[in-house]
Amino acid sequence: MKDSGDLIKIQRVEKSRLPETDLRNIKFGTIFTDHMFIADYIDGQWQDPRIIPYQPLAMEPSAKVFHYGQAVFEGMKAYKDDRGNVFLFRPEKNLIRINRSAERLAMPRIPDEYFLEGLKKLVDLDQEWIPSEYGSSLYLRPVYFAISNEIAASPSQDYRFIIIASPAQSYYTGEVKVKVEEHYSRACSGGVGYAKAAGNYAAQFLATEKAKKEGYKQVIWTDSKTHEFVEEAGTMNIFFRIDDTLITAPTSDRILHGVTRESLIRLAEDNGIDVEVRRLTVDEVMDAARDGRLQEIFGSGTAATVLPIIGIGYRNEYYELPKEPKNPYAPKLKKMLMDIQYNRAPDPYGWRVPVVTKS
Ligand code: COI
């Protein structure tokens, strides 16, 4: 890998916006740091990786991304410990995933060093923007999209890759109820469900907005063919605890390969929790709920981390989960994960990647 000192040029802001920003009172995804990373793929070549002041992008209305949604993204976070050391969490997983997503949308590979060194340089430069409270972080959003100015429905020739950064507290606020969705589908076999394609999220909005009108916060997506199997929940992977067993759907071409999901499975297994990665029907979940064996449901994702669900709706039924399950798994796994992310616990897995080292 080239030395990023040479690879990535930096143009700093003249005046930081940080002094007028209240980092203790942030709505998720609305405040952005002083700088952004940007690189272009033009005439078959990656070129000019640089960090510049955060700013609007000039693009022609004919840019392909606006017409065909040839765009993929990632979600990741930088965490600060009590001494000001800053870490990324398993960034190589996001690199692999963005390039799998790109491949599915017929886009060229992003070079490893653009992705990894771009992230590190940006986080290092904007480190003062990272809130230091446990639970807060710097949300990082790599986005990769088509910029050729041509409205023919074919892959773009040229692309832009950017990374922006946003100080973050929690993604979800309040209690979260989910509704099993049986009409709309998020993904189908052979489709793009496993990719972090921008359009996958737009395609969820209508069903989610309808569920919100009924008092839910998210939907649980079921398989598009039969609507019998649970797959994902809104912007998260989903776990069910029936009796003492934690069950989650296997990843497939319809389900996002969540980094948080994979990490939680590992932590659960290594801490004596029985985990089953298998297909699970809505009937099995609802039968367990009626029999009092459904103990917990929680979502997992970078933005949400581990999110306990308080109730589940299916057709005309609504089931409230136990308020105080015995030996609850969600808070235990969340703490284990966050303690690794925030450098409060040893990291036997090598998941933390230091970016800023103070002590
Ligand atoms: C994430 O969890 O990082 C995601 O990308 C979900 C997003 C829609 C907030």
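Worth saying up front: this structure is predicted, and the values here are computed from it rather than measured. (Residues numbered from 1 in each chain as written. Predicted model: local features only at pLDDT ≥ 70, side-chain atom pairs only at ≥ 80, totals over all residues. Heavy atoms only, no water.)

K.L.:
I'd love a proper account of empty space enclosed by the protein, names of residues and values included.
P.N.:
Per the counting criterion, the structure on display carries 3 cavities of 30 Å³ or more. Considering only enclosed or pocket space, the largest cavity measures out at about 110 Å³ in volume. For the lining of the largest cavity, the secondary structure elements donating two or more residues are β5 (76-80) and α6 (259-270). It is β5 that provides the largest number of residues to the lining of the largest cavity, a total of 3 residues. When its residues are assigned to classes, the lining of the largest cavity shows 4 nonpolar, 7 polar and 1 charged. (1 Å grid on protein atoms, 1.4 Å probe; cavity = no way out; pocket = protein on both sides within 12 Å on 5 of 7 lines; lining within 4 Å. Points joined across faces, edges and corners; volume = space filled by probe spheres on them. Helix = DSSP H or I, 4+ residues; strand = E, 2+ residues; numbered from the N terminus. Nonpolar A, V, L, I, M, F, W, Y, C, P; charged D, E, K, R; others polar.)

K.L.:
A description of the sheet that holds strand β17 (residues 311-314) should follow, citing residues and the corresponding values.
P.N.:
Two strands in a sheet stick together by hydrogen bonds in their backbones, pointing the same way (parallel) or opposite ways (antiparallel). Pairing is mixed across the open sheet formed by 5 strands, whose spatial order is β11-β10-β9-β17-β18. Edge positions in the sheet fall to β11 (230-233) and β18 (317-320), since each of these pairs with one other strand and no more. If you compare each strand with its neighbour and ignore which way they point, the axes differ by 25° on average. As judged from the 3 bridges shared by strand β10 (residues 218-222) and β11, these two strands associate in the antiparallel manner. Bridging from a neighbouring strand, Thr 222 pairs with Val 230 of β11. Strand contacts of helix α5 (residues 198-213): β9 (177-181) and β10, with the helix running at about 125° to β10, the strand carrying the most contacts. (Pairing = 2+ DSSP bridges. Axes fitted to C-alpha atoms, helices over the stretch in contact; angles between N-to-C directions. Contact = heavy atoms within 4.5 Å.)

K.L.:
Describe the sheet that holds strand β12 (residues 237-242), naming the residues involved and giving the relevant values.
P.N.:
A sheet is described by the order of its strands in space; here 5 strands give the open sequence β14-β13-β12-β15-β16, paired in mixed fashion. Where the open sheet ends on each side, the last strands, each with one partner, are β14 (274-277) and β16 (305-308). Between one strand axis and the next, the sheet turns by 25° as a mean value, whatever way the strands run. Where strand β15 (residues 294-301) lies against β16, 4 bridges are found, and the strand directions are antiparallel. The partner of Phe 298 across the bridge, within β16, is Pro 308.

K.L.:
Which residues make up the pairing of strand β8 (residues 159-168), and what are the values?
P.N.:
Taking burial as the measure, the 10 residues of β8 include 10 buried ones, the bulk of the element. Covered by surrounding structure in β8 are Tyr 159, Phe 161, Ile 163, Ala 165 and Pro 167 together with Arg 160, Ile 162, Ile 164, Ser 166 and Ala 168, the residues of both alternating faces. Pairing analysis gives 5 bridges linking strand β2 (residues 35-42) to β8, with the strands arranged antiparallel. Directly across from Ala 39, in β8, lies its bridge partner Phe 161. Looking at chain direction, strand β7 (residues 137-146) and β8 are connected through 10 bridges and run antiparallel. Residue Tyr 139 lies in a different strand from β8, and its bridge partner there is Ser 166. (Buried < 20%, exposed > 50% of the residue type's maximum accessible area, 1.4 Å probe, protein only.)

K.L.:
Lay out α6 with the relevant residues and their values.
P.N.:
For α6, which comprises 12 residues, the first-to-last C-alpha distance of 17 Å matches the rise-based estimate of 16 Å (1.5 Å per residue) to within 8%. When α6 is considered as a whole, its buried residues turn out to be Val 259, Thr 260, Arg 261, Ser 263, Leu 264, Ile 265, Leu 267 and Ala 268. Two residues or fewer past α6, Gly 272 is found with a positive phi of approximately 75°. (Expected span 1.5 Å × (residues − 1).)

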